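Residues per chain, in single letters:
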Amino acid sequence: MPVPWFLLSLALGRSPVVFSLERLVEPQDVAHCSPGLSCHLWDGDILCLPGSIVPALGPVLVPTHLQTELVLRCHQETDCDLCVRVAVHLAVHGHWEEPEEEEKYGGAADQELEKSRNASLQAQVVLSFQGYPTTRCVLLEVEVPAALVQPSQSVGSVVFDCFEAALGGEVRIWSYTQPRYQKELNLTQQLPDCRGLEVRNSIHSCWASPWLNVSTDGDDVRLVLDVPQEQRFGLSLYWKRAQGSSKPWWNRNLTGPQIITLNHTDLVPCLCIQVGTESSWEPVEGDWEDGERSDLPLLLSPFSVLLFEVWPLEPDSIRTNICPFVEDPSAHRNLWRVARLRLLSPLSWLLDAPCSLQAESALCWQALGGGPCRPLVPPLPWENVTVNKAREFPLLEGHPNLCVQVRKAYQAGLGVSSWEEIQLQECLWADSLGPLKDDVLLVETRGPQDSRSLCALEPSGCTSLTSRASTRAAHLGEQLLQDLQSGQCLQLLDDDLGALWACPMDKYIHKRWALVWLACLLVAAVLFLLLLLKKEHVKGWLRFLKQDVRSGATTRGRAALLLYSADDAGFERLVGALASALCQLPLRVAVDLWSRRELSAQGPLAWFHAQRLQILQEGGVVVLLFSPGAVALCSEWLQDQAAAPGEHGPHDSFASSLSCVLPDFLQGRAPGRYVGACFDRLLHPDAVPALFHTVPVFSLPSQLPDFLGALEGSCARHPRRLEERAERVSRVLLQALDGCFQAPGDAGPRCAMEPGTGDRT
């Protein structure tokens, strides 16, 4: 029996049910009508020119509904084609109009009207079909007896057998009458593929179709392709955008059968797999943004969805689509884990995620002293947010204490959506405007009849400036009002619902602590006088104080973050030796070798972002340790060359950090924040890409004094001490480098060198 579309949509889910199709033996197209109607199919196709809508004079036939069914048109038992049967339901539109100037013509007009009402109603129905590789238009003539002609009543249907179509493709069908009395009906459908129908033995193109199974093995997901032995196929990785467009990422030719392994962290709800047979077409081109290419490298941001497409190498591919992770809870968790908030311009931002999300966002205020970020509701309500679509802040100015919160929706039952806890929170102005400030946010809400209320947003709530609450804003209410009136507060928002001002609190803190400092100085003076009474005790105390100051200076050195590419075990040991030697100096060193547990829990990108933000806020420096592997990664990013998936380990923070490091160099923010270095005999400084030479690049250990001077910055005031420290670090590095260049027969790790680089000593 024929298969309606709604049954096919239910069948083609995660576990499709196999349907059999009706077989047609007629080699030619035919038309059938409902009882009482007569119809005729014109020979040959016609040109589709719908033309403009014309007014109907009297009753006319118009199409009211399109219905489609799938059938097989078979030339032999095992030689069939998929065919779309189209049924057009017709109805009478309009009514008989009384003739004008009835009195003038008299009985002749009545006879003419009665003759028209006893005549049958005729119409020409056009069916247009568009789908790869077929585009056709056919004409059906339909005649309705006068007894069935009733205004606004259905008269039956006409069925056309049939339009041939390709499995797995999309078809569009239009229907209208000639002349056209109303807008044409249209229908767009996605045709099923070989796996959803009992057609594998009937359609030639399905014989060699690869069949796909998805299984799990621990933390990995396996895609098992049942492909005939030695059958050549191509594998293409795609990003499936939330709006339905797909973006090519990576292509490879394969020979069946194949097993493809994915990490469970790559799974997201809109990860789909497309399996195809014979094809020589190029990989599908998707929608591209400015500056994007199809040969993007593998090391891209995780905010993307992978669509797998498999094709062989001859025309007219039959494709099978499956999206097996739509209802997978872990895939939904991964989606929120990779979602990010990004500031596009001073007053615009977006939620960057591979799939669509049911979420809403709001601005909040993060106080300097900690505590929860308070949503600015009112005057700014929660609003639905669309993934990968830029949104404008309704603000006049940005502020580092302003943050964005995003929470997700879930079905609470009976079709009602509710909202869960905050999923994402980011203070987007932290990088551009600096760290949090000790400001208080004044919120003005405006009501009907020009009513206004003013309060200060604090962790405990919004406190009225005229209240007697025991909060800082309440104690300083009058002073804050004076600052607001004198224009000392920065206005952030001004609309019909209210206004926002950020008022600085530093001067009030200074005034409050002035008397405390005076009291402390007085106590210190008294103690000093008492200590002077016994000189010997004073000398011992001063000696102890001197030692304490020296040790304190060592522990409070400048912070440095070391970034490197984990080329091999020997290079990691060399980096560890450098980090340990730097810790003996007045430096505080952070390196992923010492933070593997945090790196595994947070992920390389999140760990690097947190470390970089903390280091730069404290006035520290990020050290890029270049090796042959690091230079190759940077070149791939800069040249947009493709890379194989999964070639970097889970603890490689260098590959993940390039998405944040490269924008700093491209936008001129690197000087003063970054320093480059490479090791003698492993890499020459000239091999470092030119972009990174906007900051100093040192060769170690030959340029250690300059390198340590750049790390210590303003703390490096004694050249003799700097040379002594350089000698200590140099001894450690030379010993570690000698271990990297052991003889081939020696045991232990060896460091990878740049091609053509050897021992130049």
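Residues numbered from 1 in each chain as written. Predicted model: local features only at pLDDT ≥ 70, side-chain atom pairs only at ≥ 80, totals over all residues. Heavy atoms only, no water.

(A) Quick look at the sheet that holds strand β25 (residues 391-392). If you walk across this open sheet you meet the 3 strands as β20-β21-β25, and the pairing is antiparallel. At either margin of the open sheet sits one strand with a lone partner, and together these are β20 (340-345) and β25. By the bridge criterion, 2 bridges tie strand β21 (residues 348-352) to β25 in an arrangement that is antiparallel. Bridging across to β25, W349 finds its partner in R391. (Pairing = 2+ DSSP bridges. Helix = DSSP H or I, 4+ residues; strand = E, 2+ residues; numbered from the N terminus.)

(B) Main features of the sheet that holds strand β36 (residues 674-679). Across the sheet, 5 strands lie side by side as β34-β33-β35-β36-β37; this open sheet has parallel pairing. Unpaired on one side and paired on the other, β34 (587-591) and β37 (697-700) mark the two borders of the sheet. The average undirected angle you get between the axes of adjacent strands in this sheet is 30°. Of the pairings in the sheet, the one linking strand β35 (residues 621-626) to β36 comprises 5 bridges and is parallel in character. Across the sheet, V623 pairs through a bridge with V675, a residue of β36. Of the strands in this sheet, β33 (558-564), β35 and β36 are in contact with helix α14 (residues 653-666), which crosses β33 at around 115°. (Axes fitted to C-alpha atoms, helices over the stretch in contact; angles between N-to-C directions. Contact = heavy atoms within 4.5 Å.)

(C) Quick peek at the side chain of S34. Relative to the assigned elements, S34 resides in the loop between β3 (30-33) and β4 (38-41). A relative accessible area of 16% means that S34 is categorised as buried. Only 2.8 Å separates the side chain of S34 from the backbone nitrogen of S157, close enough to count as a polar contact. (Buried < 20%, exposed > 50% of the residue type's maximum accessible area, 1.4 Å probe, protein only. Polar contact = N/O pair within 3.5 Å; in protein donor to acceptor, adjacent residues only side chain to side chain.)

(D) Spotlight on the packing of aromatic side chains. All told, the structure shown has 10 aromatic pairs when counted by the stated rule. Summarising the aromatic geometry, the rings of F393 and W429 are spaced 4.8 Å apart at their centres and angled 45° between planes, so their arrangement reads as tilted. In this pair, F393 is assigned in the loop between β25 and β26 (402-413) and W429 in the loop between β27 (416-426) and α5 (430-433), connecting sequence segments 36 residues apart. Where F571 meets F679, the ring centres are 5.8 Å apart and the plane angle is 80°; that geometry is what we call edge-to-face. With a gap of 108 residues between them, F571 in helix α10 (residues 569-583) and F679 in strand β36 connect regions that are remote in the sequence. Judged on exposure class, the residue F571 and its partner F679 are both buried. (Phe/Tyr/Trp six-rings, centres within 6.5 Å; stacked < 30°, edge-to-face > 60°.)

(E) View of the environment of S653. Within the secondary structure layout, S653 lies in helix α14. When the C-alpha positions of S653 and L605 are compared, they lie 6.7 Å apart, and in sequence the two are 48 residues distant. Setting aside residues up to four positions removed in sequence, S653 forms contacts with L563, D592, L599, P604 and W607.

(F) Spatial organisation of the pairing of strand β7 (residues 121-131). Here β7 lies mainly inside the structure; 8 of its 11 residues are buried. One ladder, built from 11 bridges, connects β7 with strand β8 (residues 134-144); its direction is antiparallel. In the strand pairing of β8, L121 is matched with V144. For β7 and strand β10 (residues 170-178), the ladder comprises 8 bridges, and the chain directions are antiparallel. Residue pairing for β10: F129 is matched across the bridge by I173.

(G) View of the nonpolar core. One finds L351 and L376 to be the most contacted residues of the largest nonpolar core, which totals 48 residues. With sequence-adjacent residues up to four places away left out, L376 is seen in contact with L363, C364, W365, L402, L441, L457 and L500. Core analysis: the second largest hydrophobic core is formed by 37 residues, L66, C80, L82 and F129 among them. (Core = buried A, V, L, I, M, F, W, Y, C linked by side-chain atoms within 4.5 Å.)

(H) View of unusual backbone geometry. The amide bond that connects D161 to the next residue, C162, takes the cis arrangement and shows omega of -10°. Cis geometry marks the peptide bond from L700 to P701, where omega comes out at 5°. Mapped onto the elements, P701 comes out in the loop between β37 and α15 (704-712). With a phi angle near 75°, R681 is a residue other than glycine that sits in the positive phi range. Note on placement: R681 falls in the loop between β36 and β37. Taking relative accessible area as the criterion, R681 reaches 12% and is therefore assigned buried.

(I) Structural detail: the pattern of salt bridges. Using the criterion set out here, one finds 19 salt bridges in the structure. Here D161 ties to R85 by a salt bridge, and the two come within 2.6 Å at their closest N and O atoms. One end of the pair, D161, is in strand β9 (residues 154-164); the other, R85, is in strand β6 (residues 79-93), and 76 residues separate them in sequence. Judged by its relative accessible area of 12%, R85 falls in the buried class. With its nearest N and O atoms 3.4 Å apart, the salt bridge here joins D738 to R681. In this pair, D738 sits in helix α16 (residues 719-740) while R681 sits in the loop between β36 and β37, placing the two residues 57 residues apart along the sequence. When its relative accessible area of 45% is taken as the criterion, D738 is described as partly exposed. A cluster of three or more residues bridged by salt bridges with shared partners is formed by E22, E69, R85 and D161. (Salt bridge = Lys/Arg side-chain N within 4 Å of Asp/Glu carboxyl O.)

(J) Representation of the packing of helix α12 (residues 604-617) against α14 within the structure. Close contact between α12 and α14 brings their axes to 8 Å; oriented N to C, the two are set at 50°. As far as their axial angle goes, α14 and α12 are oblique. The handedness of the crossing between α12 and α14 is right-handed. Counting all contacts with α12, which are made through P604, L605, W607, F608 and R612, the residues of α14 involved are S653, S656, S657, S659, C660, V661 and D664. (Parallel < 35°, antiparallel > 145°, perpendicular 65-115°, else oblique. Left-handed = near helix turned anticlockwise from the far one by under 90°.)

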